[in-house]
Amino acid sequence: MRAEKVLECRRRAKELVGKMTLEEKVSQTVHSAAGIERLGIKAYNWWNEALHGVARAGVATVFPQAVGMAASFDEELVWEVADAISTEGRAKYNMQQEFGDLDIYKGLTFWAPNVNIFRDPRWGRGHETFGEDPYLTSRLGVRFIEGLQGDDSQYMKTAACAKHFAVHSGPEDERHSFDAKVNARDLFETYLPAFEACVKEGKVEAVMGAYNRTNGEPCCGSRTLLTEILRKGWGFEGHVTSDCWAVKDFHEYHKVTSSALESAAMAMENGCDLNCGSLYLYLTEAVKRGMVSEERLDEAVTNLLSARMKLGLFDEAATVYSGITYEENDTAVHGRLNFEASRKSFVLLKNEGNLLPLDKNKIKTIGIIGPNANNRKALVGNYEGTASRYYTISEGIQDYVGDDIRILYSEGCHLCKTRLSGLGQENDRLAEVRAVCAHSDVVVACLGLDSSLEGEEGDEGNEYASGDKPDLALPGLQQDILRTAWESGKPVVLVLLSGSALAVSWADEHIPAIIEGWYPGAMGGKAMASVIFGDYSPEGKLPVTFYRTTEELPDFRDYSMEGRTYRYMKQKALYPFGYGLSYTDFAVTKAAVSQDTVQKGTMVTVTAVLTNQGKMGGAETLQVYIKAKRPGTPNAQLKALKKVELKPGESEEISMELADRVFGIRDDKGDLILGEGSYEIYVGTQQPDARSSELTGKHPVCLEIKADKTELLEKACVAVC
């Protein structure tokens, strides 16, 4: 939107607020905002979800879960998906308005993306995020927001929301009372960069506070986060919403206030404009008693009405989006994009002896086993919509091979329990697994998790630790049936469907081919078949580290980044962040840097040639990592990336610019410092760790640049104790 249009919306909103009574203003600050007929204000429900497709309101395209889209390492793909989601959001909204449906999940304010950092693989909601890296999360978060909000000069297409602000990543069962204690370095280096990018670059309309406290302050009522950092430090001009019923946690669980009245006053006074819940109805009393200034309430309601005006909800017929009809929901075009997004998300972790892709002409019978082989829930993750057609892995393979190949199938075991039949003995499908394997030429084992095992606290069906994982092992009897398949002597392809890392060390040692498929969306099975049989070369990269054991992880409740993620871990990963194999072979040559020194205000250009040396077309991500050669600094960190698609024998010269700040490292006060000394710039198709080189036989090109003096690049916008 043009700046002048934003100012016009704000002026109109402020004028409208000036005509309201106190009670009418308060009625606008809860998620189910009341209509005010005399002022021409319709009732509006702010609560809607669109994490990977329009959710919870009937049929829509169900794209891969966010962590799967992150594995594509493809900014433009993420934008395309978000653009399609916003089109479907408008299509469904326009239809719902036509038929007078003003219910929850029927508005244009989408509470996505989730840009929290997936710091610990046990966190149940990690699959809602773009992974463990602040840079990757920033880039994908910004593009997702731009896709949702659109590029019209007059109106937003839909409104995006960056959540959960801030320092939020479990444990789920303590989130309503938990205090995430974080130092200034970690706060500004890890937990805040994605939010800052969403605000400053993405111009995100909304920010949602988290349930927990951060350094003693409840996030939805934190003056440090909402006023000092978000508004004053970053210049945020949109609106802030609480997470749902988070404000009542202030007095019920955090114990920082003694009543609902005090909690509502604290949240409003410290910068939370909208209450997902009903506690803000106490604001009428809070204003009358002087606990909240009416000026602050006016500001909040102005923010909220301005958002609705930016969406054109006060002049809907005039918007460029009013002509989007219901026919533009769940279209064939969006289905093809969904298929593309799904197969771009798959990460090939192992391919011993080039077992993959399978040759249809050399196989007569395929055995498909495992609890995720025909599990729709494992396609979609959480915060999902309803697809008009699903393709499980089993269905996708069966459709692909048709009558040419015999398919034998066994569920194998329950996802996490010891038997499938209530009256059966333990491992009651083991004989069937043995039979399927014995009569098959190759076995596809579909294992992992689904959103009943990892997800949000309170979600119906969570069977583990309120949504978090107790460990990184394959649950239930899954390891047993995988071992049984291997013992059959038949080639085994392991397909993992999960939203997070699993410790599959035994599989890495014994199973020849492993694909991480995440929660691949409604087209997941069809997309997986196209990759397994070689119509498409895998191109995904891990947005999270796969560890070897749970024991090597720091305490889940400790928010220090020491020992966490690829940026700070000291041990070798099982499968590293940024890693992923292909059916073809890419080489990086002629890597160069534009200068040999960096200083404040400098823009450094890195160039390299990427060549497809293999016999199959495919896409590869050129990755740039930077390591400060000083004690006490993080491992090499991702600072630039570029996805390129190349035909066999084709090359492309790639240029990427590195601003001065990508060489900076936060100090103990949170200030961004360009330190004197040497920096290594690694240019390749993986991170520069020993384990990635072991797995690929490749090494990124190492370039060196120096800073001649120490300079302050940016002062932390607030002091953190």
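Residues numbered from 1 in each chain as written. Predicted model: local features only at pLDDT ≥ 70, side-chain atom pairs only at ≥ 80, totals over all residues. Heavy atoms only, no water.

## Thoughts on the overall build of the protein
Item 1. Within the protein one finds 21 helices and 24 strands.
Item 2. Relative to a compact globule of 721 residues, whose C-alpha radius of gyration would be 27 Å, the protein shows 26 Å and is just as compact.
Item 3. With respect to the three principal axes, the spread of C-alpha positions in the protein is 75 × 65 × 50 Å.
Item 4. Of all 721 residues assigned to the protein, the portion counted as buried reaches 64%.
Item 5. Taking all contacts inside the protein whose residues are at least 6 apart in sequence as the whole, residues at least 24 apart take part in 77%.
Item 6. Of the accessible surface of the protein, which amounts to about 25400 Å², a share of 47% is contributed by carbon and sulfur atoms.
Item 7. In the protein, 81 side chains carry a positive charge and 105 a negative one; their mean positions are 1 Å apart. (Helix = DSSP H or I, 4+ residues; strand = E, 2+ residues; numbered from the N terminus. Rg over C-alpha atoms; globule rule 2.2 N^0.38 Å. Buried < 20%, exposed > 50% of the residue type's maximum accessible area, 1.4 Å probe, protein only. Contact = heavy atoms within 4.5 Å. Areas by Shrake-Rupley, 256 points an atom, 1.4 Å probe, with all protein chains shown as cover. Lys, Arg positive; Asp, Glu negative; His and termini not counted. Charge placed at Lys NZ, Arg CZ, Asp CG, Glu CD.)

## A look at the nonpolar core
Item 1. With 121 residues, the main nonpolar core has W111, F144, F165, V204, L230 and L283 as its most contacted residues.
Item 2. Setting aside chain neighbours within four positions, we find L230 in contact with F165, V199, V207, L225, G235, F236 and V240.
Item 3. Counting 43 residues, the second largest nonpolar core, distinct from the first, contains F118, W506, W518 and Y575. (Core = buried A, V, L, I, M, F, W, Y, C linked by side-chain atoms within 4.5 Å.)

## Looking at the sheet that holds strand β6 (residues 213-214)
Item 1. What the three strands build is an open sheet, ordered β4-β6-β7; its pairing is mixed. Pairing within the sheet leaves two strands with one partner each, and these edge strands are β4 (179-180) and β7 (217-218).
Item 2. Direction of pairing for β4 relative to β6: parallel, over a ladder of two bridges. Residue pairing across strands places A180 opposite T214, the latter belonging to β6. (Pairing = 2+ DSSP bridges.)

## Considering the UniProt feature "domain: Fibronectin type III-like" (unreviewed entry) in the protein
Item 1. UniProt tags residues 620-687 as "domain: Fibronectin type III-like" (unreviewed entry).
Item 2. Across residues 620-687, helical content stands at 0% and strand content at 60%; the span's end C-alpha atoms are separated by 14 Å. (UniProt positions renumbered as here; feature names shortened; annotations may be inferred.)

## A short note on helix α17 (residues 478-487)
Item 1. Burial in α17 covers these residues: Q478, I481, L482, T484 and A485. The buried residues of α17 occupy an angular sector of 155 degrees when the element is viewed end-on, so they sit on one face.
Item 2. Once α17 finishes, G489 follows within two positions and takes phi at roughly 85 degrees, a positive value. (Arc of directions from axis to C-beta.)

## Observations concerning the packing of helix α4 (residues 75-98) against helix α5 (residues 134-149)
Item 1. Packing of α4 against α5 leaves a shortest axis separation of 7 Å and a crossing angle of 30 degrees. As far as their axial angle goes, α5 and α4 are roughly parallel. Where α4 crosses over α5, the handedness of that crossing is right-handed. Here E75, E76, V78, W79, A82, D83, I85 and S86 of α4 come into contact with α5, specifically with R139, L140, R143, F144, E146, G147 and L148.
Item 2. For the contact of α4 with α5, the residue count by class is seven nonpolar, two polar and six charged. (Axes fitted to C-alpha atoms, helices over the stretch in contact; angles between N-to-C directions. Parallel < 35°, antiparallel > 145°, perpendicular 65-115°, else oblique. Left-handed = near helix turned anticlockwise from the far one by under 90°. Nonpolar A, V, L, I, M, F, W, Y, C, P; charged D, E, K, R; others polar.)

## Considering the packing of helix α16 (residues 430-438) against α17
Item 1. Where α16 contacts α17, the two axes come as close as 9 Å, and the packing angle between them is 30 degrees. Classified by the angle between their axes, α16 and α17 sit roughly parallel to one another. α17 is crossed by α16, and the crossing has right-handed handedness. Along its contact with α16, which presents L430, V433, R434 and C437, the element α17 presents I481, T484 and A485.
Item 2. Across the contact of α16 with α17, the residue classes tally to five nonpolar, one polar and one charged.

## Focus: α5
Think of an α-helix as 3.6 residues a turn; residues three or four steps apart then line up on the same face.
Item 1. Taking 1.5 Å of rise per residue, the 16 residues of α5 would be expected to cover 22 Å, and the 22 Å separating its terminal C-alpha atoms lies within 8% of that figure.
Item 2. Across the 16 residues that make up α5, a large majority, 14, are buried.
Item 3. The N-cap residue of α5 is D133: its side-chain oxygen and the backbone nitrogen of Y135 are 3.1 Å apart.
Item 4. Just past α5, the residue G150 takes up positive phi, approximately 80 degrees. (Expected span 1.5 Å × (residues − 1). Polar contact = N/O pair within 3.5 Å; in protein donor to acceptor, adjacent residues only side chain to side chain.)

## Quick notes on the pattern of salt bridges
Item 1. Applying the stated rule across the entire model yields 49 salt bridges.
Item 2. Ionic pairing is found between D399 and R389, a salt bridge with its closest N-O pair at 3.5 Å. Of this pair, D399 sits in helix α15 (residues 393-401) while R389 sits in the loop between α14 (377-380) and α15; the two residues are ten residues apart in sequence, bridging distant segments of the chain.
Item 3. As a salt-bridge pair, R691 and E694 come within 3.1 Å of each other at their nearest N and O atoms. Of this pair, R691 and E694 both sit in helix α21 (residues 690-696), three residues apart, which is roughly one turn of the helix.
Item 4. A relative accessible area of 9% places R691 in the buried class.
Item 5. A relative accessible area of 46% places E694 in the partly exposed class.
Item 6. Connected via shared salt-bridge partners are R125, E128, E172, R175, E456 and E457. (Salt bridge = Lys/Arg side-chain N within 4 Å of Asp/Glu carboxyl O.)

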